[in-house]
Amino acid sequence: MLLKDLTPTHPAQEQQATEPQPVPTHGRAIVNDFSIMVATKNGSGSQTANLALLRALFKMGIPVSGKNLFPSNIQGRPTWYTIRLNKDGYVARRDTNEIVIALNPESALEDHASVIPGGVFIYADDIKMPLERKDIHYYAIPVRDIARAHEADPKLRTYVANMVYVGALVYLLGIEISEIEAALKFHFKGKQKPVESNMRVVRASVAWCAEHLVKTDPYRVERMDKTKGLIMIDGNTAAALGAIYGGVTFAAWYPITPATSLADALYEYLPKLRIDPETKRPTYAIVQAEDELAALGMVLGAGWAGARAMTSTSGPGISLMTEFTGLGYFAEIPAVIWDIQRMGPATGLPTRTSQGDILKVYYLGHGDAKHPVLLPGSPAECFEFGWRAFDLAERLQTPVFVLSDLDLGMNQWMSEPFKYPDQPMDRGKVLTEEQVNATRGFARYKDVDGDGIPWRTLPGNQSPYAAYFTRGSGHNERANLSERPDDWENNMLRLQRKFETARAMMPRPVVELDPEAEVAIVGFGSTTPAIQEARDMLRKAGVPTSYLRVRALPMNDEVTMFLAAHQRIYVVEMNTDAQLAQLLKLHDPQDAAKIRSANKCDGLPLTARWISEAIQYQEAYHKA
């Protein structure tokens, strides 16, 4: 059944269809519960200002999240950054913005139209446009003049000009200026000169606003304690740290949005954390390959040699990796592949988020192949799966995929502090020289233990019986070339057994049962915050729900039991083909008739309102 389109079309946010109302000049303050959208130009340096605001609010104890919507083509195109504050801890993208800051003439008319009734429009005073709405609050600020007066270097004025709107928000909302300065010190790693340059403009902006503006809007912030004990980090950095703590010794990659920052984080932290204390030499290698195909080839070579090896890429890179992935599967070589998903097909929208690769990576390759897939839903899980993926890859002797996405990978999220791996590295079934000598040889692809996983040796094993020929063509148990039908069939049946063994090893789903619920929601990855908020909305609307978050493929019996326990199951995902819903129907065909899709794919993170309305719409159809 097709869903009605519940989302308007403004590229930076969704606009509620509400009749304009007179602007309230008095009344109850709205504290710590609104969104701020900043509209600037790509490459203008606004990210420093936006992250300083986000971190300052976070350090004030206010739950926040930040979403960056930036163009994929050239510098100078419109870009939007949205900060959501919510005293109750909701961090999913909002479908409204109460405060809009317009510094880009190219998008100013749309930005102006997007302000909700009763909201605030802060704009650079040199933007010429009609300001005819009577249902919003206006604040004009001389951004260029303030920047020019307080930054002598003309090359830096464009960048520090963004700190003018930071100062305006400090004045209008009551953000603590000391936290802005602390955030800038964190951002610039303690370098005093850029901190002083930016703070000079912030203070000048605050002073100008105090002298010339009269606050009429109800929005403000107050210090809370809801972020105590939390950290703020993006998923790609968390993934890189997890890989480092998991023992990564080799990484090969090719630049691609939105995965490049994962490799960048490896470059940043490996020199700090993985240097031999005696020789002072690196104990790792990172290679920028000529393309994604070469990158995975190097990773497989390193994995075959015993290194913990990984790569990071996105959808187009996965396409190029198909052939080598098949080799890794059939030759049974461990590798870890991070796919930071973006919009496709083809080049698609490189700077927009999606969950469109789940079917692709699960079945990647030609012939009969399926791969273990990890599905992190938070930075903490990106860290955990960063090290756990290596254990699974070596235990199962196969490529393991980790599917994050642009929203989780590149945006800043609040997170619990990471937990150090609670178990030793699992290198899997590796024979020592003594073990090989004791058996006077071994069969590389023989199922000795009944779990489908064979034993292997690593280069450097001194036993004369340790060698075998690694091939992607047909082979028998002893790794000898074979095109015999029985050898082929036996090998494929063993690989199927190995995949069933993997089912019990994968991270279990997160299950939240509501005893009153007939309706259930299934989701994965970065949709988690929106689903959790939508569940609260649905309960208020009289639709209690249970929830299952899939964390890995293949799925286990917990998923089967969850589906069986509910009458209607809505699968929430950010792709057009309802890919997880398809996999659930394959996994549990007896429950296929119960499974419905609440899927949307427009490049933006899902909102709780859309999920709630999509499910209520289908529920109304069901009852009718």
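Scroll up to find the structure this text is about.
Residues numbered from 1 in each chain as written. Predicted model: local features only at pLDDT ≥ 70, side-chain atom pairs only at ≥ 80, totals over all residues. Heavy atoms only, no water.

As enumerated under the stated definition, the model contains ten cavities of 30 Å³ or more in all. Its boundaries defined by the atoms lining it, the largest cavity holds a volume of some 150 Å³. As for the largest cavity, its lining consists of 16 residues, and the residues nearest its centre are Lys 67, Asn 68, Leu 69, Leu 604 and Pro 605. Elements that contribute at least two residues to the lining of the largest cavity include exactly strand 3 (64-69), strand 4 (78-86), strand 14 (349-353) and helix 15 (406-410). When its residues are assigned to classes, the lining of the largest cavity shows six nonpolar, six polar and four charged. Roughly 80 Å³ of volume is contained in the second largest cavity. (1 Å grid on protein atoms, 1.4 Å probe; cavity = no way out; pocket = protein on both sides within 12 Å on 5 of 7 lines; lining within 4 Å. Points joined across faces, edges and corners; volume = space filled by probe spheres on them. Helix = DSSP H or I, 4+ residues; strand = E, 2+ residues; numbered from the N terminus. Nonpolar A, V, L, I, M, F, W, Y, C, P; charged D, E, K, R; others polar.)

Attention now goes to the nonpolar core. Judged by nonpolar contacts, the single largest core of 68 residues is most densely connected at Ile 175 and Ile 180. If near-sequence neighbours (up to four positions away) are discounted, Ile 175 is found in contact with Leu 53, Ala 56, Leu 57, Met 60, Leu 169, Val 170, Ile 180 and Val 221. Core analysis: the second largest hydrophobic core is formed by 45 residues, Phe 250, Val 373, Leu 375 and Leu 403 among them. (Core = buried A, V, L, I, M, F, W, Y, C linked by side-chain atoms within 4.5 Å. Buried < 20%, exposed > 50% of the residue type's maximum accessible area, 1.4 Å probe, protein only. Contact = heavy atoms within 4.5 Å.)

Attention shifts here to the packing of helix 5 (residues 162-173) against helix 7 (residues 192-212). The geometry of helix 5 relative to helix 7 is characterised by a closest axis approach of 7 Å and an angle of 50 degrees between their N-to-C directions. Of the possible angle classes, the one that applies to helix 5 and helix 7 is oblique. Here helix 5 and helix 7 pass one another in a crossing that is right-handed. Contacts between helix 5 and helix 7 involve Met 163, Val 164, Val 166, Gly 167, Ala 168, Val 170 and Tyr 171 from the former and Asn 198, Val 201, Val 202, Ser 205, Val 206, Cys 209 and Ala 210 from the latter. Class assignment for the residues of the contact of helix 5 with helix 7 results in eleven nonpolar, three polar and no charged. (Axes fitted to C-alpha atoms, helices over the stretch in contact; angles between N-to-C directions. Parallel < 35°, antiparallel > 145°, perpendicular 65-115°, else oblique. Left-handed = near helix turned anticlockwise from the far one by under 90°.)

Turning our attention to the side chain of Arg 494. Within the secondary structure, Arg 494 is located in helix 17 (residues 485-505). Judged by its relative accessible area of 2%, Arg 494 falls in the buried class. A polar contact of 3.1 Å, which involves the side chain of Arg 494, links it to the backbone oxygen of Tyr 445. When near neighbours in sequence (up to four residues on either side) are disregarded, Arg 494 contacts Glu 332, Tyr 445, Lys 446, Asp 447, Gly 452 and Pro 454. (Polar contact = N/O pair within 3.5 Å; in protein donor to acceptor, adjacent residues only side chain to side chain.)

Fair warning: the whole summary comes from geometry, so function is off the table for now.
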